[in-house]
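A closer look at the structure
Each chain is listed here by its residues.
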Protein chains: 2
Amino acid sequence: MQGLMQDWPLLCHKILDYAAQQHGRREIVTRSVEGPIVRTNYAEIRLRSLKVAQRLARDGFREGDRIGTLAWNTARHLEAWYGIMGMGGVYHTLNPRLFPEQIVWIMNHAEDQALFVDLTFMPIVEKIAPAIRSLKKVIVLTDAAHMPASALTNIVAFEEWLAEADGDYAWRELDEKAACGMCYTSGTTGDPKGVVYSHRSNVLHAMIAVQKDAMGIGSTDAILPVVPMFHANAWGLAQSAPMIGAKLVMPGGRMDGAAIYELLDTEKVTMSAAVPTVWLMLLQYLEEQGKKLPHLQKVIIGGSACPRSMTQKFRDDYDVEVIHAWGMTEMSPLGTLGTMKPEVAGLSGDAQLDIKQKQGYAPFGVEMKITGDTNDEKPWDGRTFGRLKVRGPAIARAYYGGAGKDQFDPDGWFDTGDVAHVDANGYMQITDRAKDVIKSGGEWISTIDLENLAVGHPDVAEAAVIGIAHPKWDERPLLVIVKKPGREVTKEQILAFMDGKIAKWWMPDDVSFVEAIPHTATGKIQKTTLRDQFRDYRLPSP
Amino acid sequence: MQGLMQDWPLLCHKILDYAAQQHGRREIVTRSVEGPIVRTNYAEIRLRSLKVAQRLARDGFREGDRIGTLAWNTARHLEAWYGIMGMGGVYHTLNPRLFPEQIVWIMNHAEDQALFVDLTFMPIVEKIAPAIRSLKKVIVLTDAAHMPASALTNIVAFEEWLAEADGDYAWRELDEKAACGMCYTSGTTGDPKGVVYSHRSNVLHAMIAVQKDAMGIGSTDAILPVVPMFHANAWGLAQSAPMIGAKLVMPGGRMDGAAIYELLDTEKVTMSAAVPTVWLMLLQYLEEQGKKLPHLQKVIIGGSACPRSMTQKFRDDYDVEVIHAWGMTEMSPLGTLGTMKPEVAGLSGDAQLDIKQKQGYAPFGVEMKITGDTNDEKPWDGRTFGRLKVRGPAIARAYYGGAGKDQFDPDGWFDTGDVAHVDANGYMQITDRAKDVIKSGGEWISTIDLENLAVGHPDVAEAAVIGIAHPKWDERPLLVIVKKPGREVTKEQILAFMDGKIAKWWMPDDVSFVEAIPHTATGKIQKTTLRDQFRDYRLPSP
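About the thresholds
Residues numbered from 1 in each chain as written. Chains lettered and ligands numbered in written order. Predicted model: local features only at pLDDT ≥ 70, side-chain atom pairs only at ≥ 80, totals over all residues. Heavy atoms only, no water. Core = buried A, V, L, I, M, F, W, Y, C linked by side-chain atoms within 4.5 Å. Buried < 20%, exposed > 50% of the residue type's maximum accessible area, 1.4 Å probe, protein only. Helix = DSSP H or I, 4+ residues; strand = E, 2+ residues; numbered from the N terminus. Axes fitted to C-alpha atoms, helices over the stretch in contact; angles between N-to-C directions. Parallel < 35°, antiparallel > 145°, perpendicular 65-115°, else oblique. Left-handed = near helix turned anticlockwise from the far one by under 90°. Contact = heavy atoms within 4.5 Å. Nonpolar A, V, L, I, M, F, W, Y, C, P; charged D, E, K, R; others polar. Domains from an automatic or database assignment. Least-squares fit on C-alpha atoms with pLDDT ≥ 70 in both. Buried area = accessible area lost by both parts, 1.4 Å probe. Salt bridge = Lys/Arg side-chain N within 4 Å of Asp/Glu carboxyl O. Polar contact = N/O pair within 3.5 Å; in protein donor to acceptor, adjacent residues only side chain to side chain.

Another aspect to go through is the nonpolar core. Core analysis: the biggest nonpolar cluster contains 192 residues, and F116 and M215 of chain A together with F116 and M215 of chain B have the highest contact counts within it. Among the nonpolar cores identified, the runner-up in size contains 57 residues, and L4 of chain A together with V125, L224 and L293 of chain B belong to it.

Here is the structure:
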């Protein structure tokens with residue numbers, strides 16, 4: 001027996017229709033790429049998105065076409081997204097921080113038909129466009145007056161192109177499971193893998209994100225998404241903000257402390273979202289300038305672990321709540337958020353920071369479990385860790401073209417590649433990457449825990465732990481240390497420092513001192529390279 | 001091109017799975033029908049719901065079976081709902097306030113296979129059970145010790161019946177569009193009409209309801225749903241509270257001021273939802289007893305229009321925010337909620353009450369329009385009114401068995417039967433029922449506006465306005481008045497009082513004084529009867 005409720009497919013452009021009708025005059029403020037602060041609203045963005053859709057259709061682009069965007073967070077980028085989706089296309093966000101040859105590889109793999117690009121990235125496009133076999137058109141997100149000289153053909157200024165449309169267009173009627181967006185995730189090994197969002201997954205993800213205990217946003221909020229639309233879907237804010245009619249403040253290309261502070265202050269921003277690096281720059285700026293944050297109520301911090309001191313500084317010095325979050329491109333991206341359940345809501349001081357250091361708990365729509373080597377489910381006791389697996393309506397079931405099949409369990413769970421524990425209240429904490437964890441005698445040792453402990457020693461600048469093959473225990477930990485300039489410390493002193501703070505069998509079998517530890521472009525320790533460097537190393541005999 | 005996101009159907013029992021895993025120890029407190037306050041939590045409710053599903057399946061009930069519930073808001077009623085849904089059945093809530101013959105008609109129309117019933121309603125069941133042709137089993141929501149003597153066969157105490165199951169049961173895998181619940185709506189004319197909710201519509205409705213600007217609830221809330229599960233789906237709270245892990249406080253059969261106050265106070269309730277009558281009783285009790293409401297933050301008031309004085313009293317005397325809401329059984333039921341957008345958030349005093357007197361605005365997932373006689377869309381100017389039509393994923397597209405077809409437009413809109421205007425900020429106000437509105441010379445006159453104005457006269461106890469046939473204008477308004485005891489007032493005095501407060505052409509053509517105005521069982525003016533009484537009435541010549 002079927003229900004008798006309306007067939008009302010979950011389509012992204014319905015979010016924009018809603019925002020235009022119920023919150024039409026709510027502002028979207030952008031620090032434009034050309035320089036000035038510019039203002040528009042949801043009603044105008046909807047009209048211009050309709051024009052984008054109309055114009056794309058007139059240019060011959062069709063349902064299912066992938067259309068790239070290489071752009072900052074701006075109102076025009078929003079219009080491009082909604083226009084692409086509304087005519088049945090698939091926005092494909094490109095990360096300008098990748099090497100040009102990676103962008104070429106990704107665009108060719110996705111077969112992008114057109115590209116919306118910011119002025120900032122024109123030098124990249126000039127270089128790569130000829131190598132994109134499917135590319136038919138480049139639309140520069142500016143007006144005629146700011147158009148740069150270009151060697152490319154089929155290139156046009158957004159405003160000129162848009163002026164040829166009147167917006168008399170009906171959004172394409174689509175299946176809610178149709179693709180609407182695409183983002184490639186680049187691991188440390190192998191080719192990038194494409195995640196394909198559907199209209200349904202984006203709408204449901206936004207509905208999950210706006211909840212009081214998730215991002216907790218409403219129409220009286222002014223939201224500054226520093227997290228870029230080209231990275232992990234801007235944490236869904238391009239959909240969730242219009243869904244509840246919040247004001248949006250778009251930072252364009254400037255993410256330095258002074259620029260972010262200016263927007264927070266003049267636009268009375270109540271909520272913002274960014275990776276720790278951005279907040280580090282802002283906090284430094286605030287201290288140097290002696291500024292405060294009277295309007296800001298909370299910041300969502302994710303992308304990498306938020307340092308405890310950052311959470312504390314925001315709380316104690318600026319009266320701003322940090323919500324630690326974790327997610328992945330494959331999860332649209334929200335997975336967990338560190339808001340306070342009643343079990344911990346009364347905590348303050350250090351006890352509160354202990355909870356806030358964890359990555360938070362999953363809202364409805366994200367199922368979590370942690371499993372051992374045989375896919376056996378581990379208890380939620382805050383100590384036992386396992387591979388973190390997730391399931392939900394906004395989580396990938398495959399990569400574009402079928403790559404990375406081993407990350408998808410036959411029973412529908414996505415293996416995040418992270419190792420975590422979950423406490424009895426449901427708060428999750430990442431303890432390692434699965435490929436880095438050390439398997440010793442059938443038990444797991446967290447390299448991140450060992451590293452965090454080792455860097456607590458006053459003479460240690462940086463620490464990395466890798467597993468070394470061992471005849472009896474399979475693997476044993478080797479601690480690699482970079483000393484602070486001018487400091488001296490011995491293996492014995494390091495181990496003595498760690499002794500008693502961890503289980504005996506977690507103690508590294510050896511300590512090796514090096515000049516430098518290899519890093520990725522985003523500053524993470526490159527453990528594959530480190531393992532290569534220690535390929536011929538042998539642990540000392542016991 | 002399809003998205004590559006997981007197939008994760010929106011099923012109601014996933015809400016309970018979520019609550020049990022992430023908020024398992026959150027309390028559900030019930031004033032039991034047997035008397036004492038009893039406590040359970042989401043983990044226990046899930047286990048017992050699994051037992052209900054297992055037990056129903058063992059008794060031979062099957063996917064799609066309609067199973068009635070005639071019960072108060074209690075934890076057991078929740079377990080019955082989730083158990084029924086989880087084995088693929090359809091909970092069918094019955095309103096005990098209907099006449100027994102109406103309940104019989106409804107149960108036979110739905111072909112209910114079993115019935116969960118509270119002790120309170122056993123006298124009704126004893127009377128009607130033999131007339132329900134499809135009824136195979138009656139499960140009394142109590143334990144063996146409290147089982148009443150009964151002439152019925154196939155009757156069992158819930159706790160005994162449940163004790164035969166161990167809960168080792170897997171929720172049935174279902175299409176998200178499968179029916180999960182049913183509720184009949186009884187208009188003033190014709191047979192009751194059945195609304196059939198789907199798993200998808202209930203889940204999406206809950207996701208809409210929990211939003212910050214809708215009900216705005218989270219895990220630190222304690223929610224008292226006075227609005228019964230047997231009426232309009234308890235405004236969705238049986239799904240939305242577990243979705244965000246809120247504590248639930250269930251009032252059982254006692255809705256008087258003292259009983260509600262006791263729960264609000266001892267259970268530190270932060271949010272509650274009920275019709276105005278319940279709040280009238282509570283406010284009277286508080287005043288008599290000199291009590292305050294230190295924990296309560298907000299109340300959702302709907303079902304009928306919330307009086308301005310009630311909103312003011314809650315705000316000024318108790319520091320409680322009233323959120324005026326409107327909905328219908330056909331809408332799951334939420335349609336609009338009167339939270340404050342930034343355009344009006346700064347208002348206070350009378351200006352704030354002006355907004356709060358309206359029924360609020362629609363969240364994402366509810367589309368609204370107002371139309372004239374030719375389905376022409378009317379502007380949102382806060383004055384022009386029209387038939388209120390709605391569209392959305394939790395709104396009916398048909399009634400069970402195909403009744404009431406004329407309420408469903410071919411283009412997918414549901415005609416609410418209400419007449420309303422919407423202001424430029426999107427706030428809607430009901431001005432009449434479509435069948436009551438007076439059509440004069442092609443224009444509409446709101447009978448509710450005229451009635452509200454007339455009862456403002458100090459000598460008027462009650463007023464009703466009906467349309468009287470008119471040779472030139474089609475219809476003209478007749479004002480029917482009940483004087484206050486011991487007061488005297490003339491037609492001329494009433495009309496003079498109204499003059500200048502409304503458009504000239506809205507002025508009633510005549511005033512008729514009566515001893516009493518007919519009412520429905522729920523206290524609404526019975527305009528059909530009133531029109532019958534004035535069938536032979538002729539308007540005075542001008």
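S332 of chain A connects to P333 of chain A through a cis peptide bond whose omega is 10 degrees. Within the chain, N233 of chain A stands out as a residue other than glycine whose phi angle is a positive 60 degrees. Assignment of secondary structure puts N233 of chain A in the loop between β10 (222-225) and α8 (237-244). Note on N233 of chain A: relative accessible area 2%, which makes it buried. A positive phi angle is found at E111 of chain B, which is not glycine, with a value near 55 degrees. Note that E111 of chain B resides in the loop between α4 (100-110) and β5 (114-117). For E111 of chain B, a relative accessible area of 41% translates into the label partly exposed.

Think of two packed helices as two axes; the pair is described by the angle between the axes and how far apart they sit. All names here are of chain A. The geometry of helix α2 (residues 42-58) relative to helix α3 (residues 75-86) is characterised by a closest axis approach of 7 Å and an angle of 55 degrees between their N-to-C directions. By the angle between their directions, the pair α2 and α3 is classed as oblique. For the pair α2 and α3, the sense of crossing is right-handed. Taken together, the residues of α3 that come into contact with α2 (itself represented by I45, R48, S49, V52, A53 and L56) are A75, R76, L78, E79, A80, Y82, G83, I84 and G86. Across the contact of α2 with α3, the residue classes tally to nine nonpolar, three polar and three charged.

Here we take up the domain arrangement of chain A. Examined at the domain level, chain A breaks down into domain 1 (12-254), domain 2 (365-431) and domain 3 (438-533). Computed from C-alpha coordinates alone, the two centres of domain 1 of chain A and domain 3 of chain A are separated by 43 Å.

Next up on the list: the relation of the copies chain A and chain B. Structural alignment of chain A on chain B gives an RMSD of 0.2 Å, achieved by rotating through 180 degrees and translating 0.0 Å along the axis. In short, the pair behaves as if placed about a two-fold rotation axis. Interface residue correspondence from chain A to chain B reaches 100%, placing this contact among same-surface, isologous pairings.

So, about the interface of chain A and chain B. Accessible area lost upon the coming together of the parts is a frequently used measure of interface size. In this complex, chain A contributes 79 residues to the contact, which on the side of chain B involves 79 residues. Approximately 6500 Å² of surface area, both sides summed, lies buried where chain A meets chain B, with 54% of it carried by carbon and sulfur atoms. Looking at the side of chain A facing chain B, the largest losses of area belong to M1, M5 and F364 of chain A, adding up to 15% of the total buried there. On inspection of chain A and its partner chain B, the count reaches eight salt bridges. In this structure, K212 of chain B engages D221 of chain A in a salt bridge whose closest nitrogen and oxygen atoms are separated by 2.8 Å. Run the count over chain A and chain B and you get 43 residue pairs in polar contact (both at pLDDT 80 or more). Breaking the side of chain A that touches chain B down by element, the ones donating at least two residues are α1 (12-22), β9 (193-198), α7 (199-209), α8, β16 (367-371) and β17 (386-391) of chain A. Residue contributions to the side of chain A that touches chain B peak at six residues, all from α7 of chain A.

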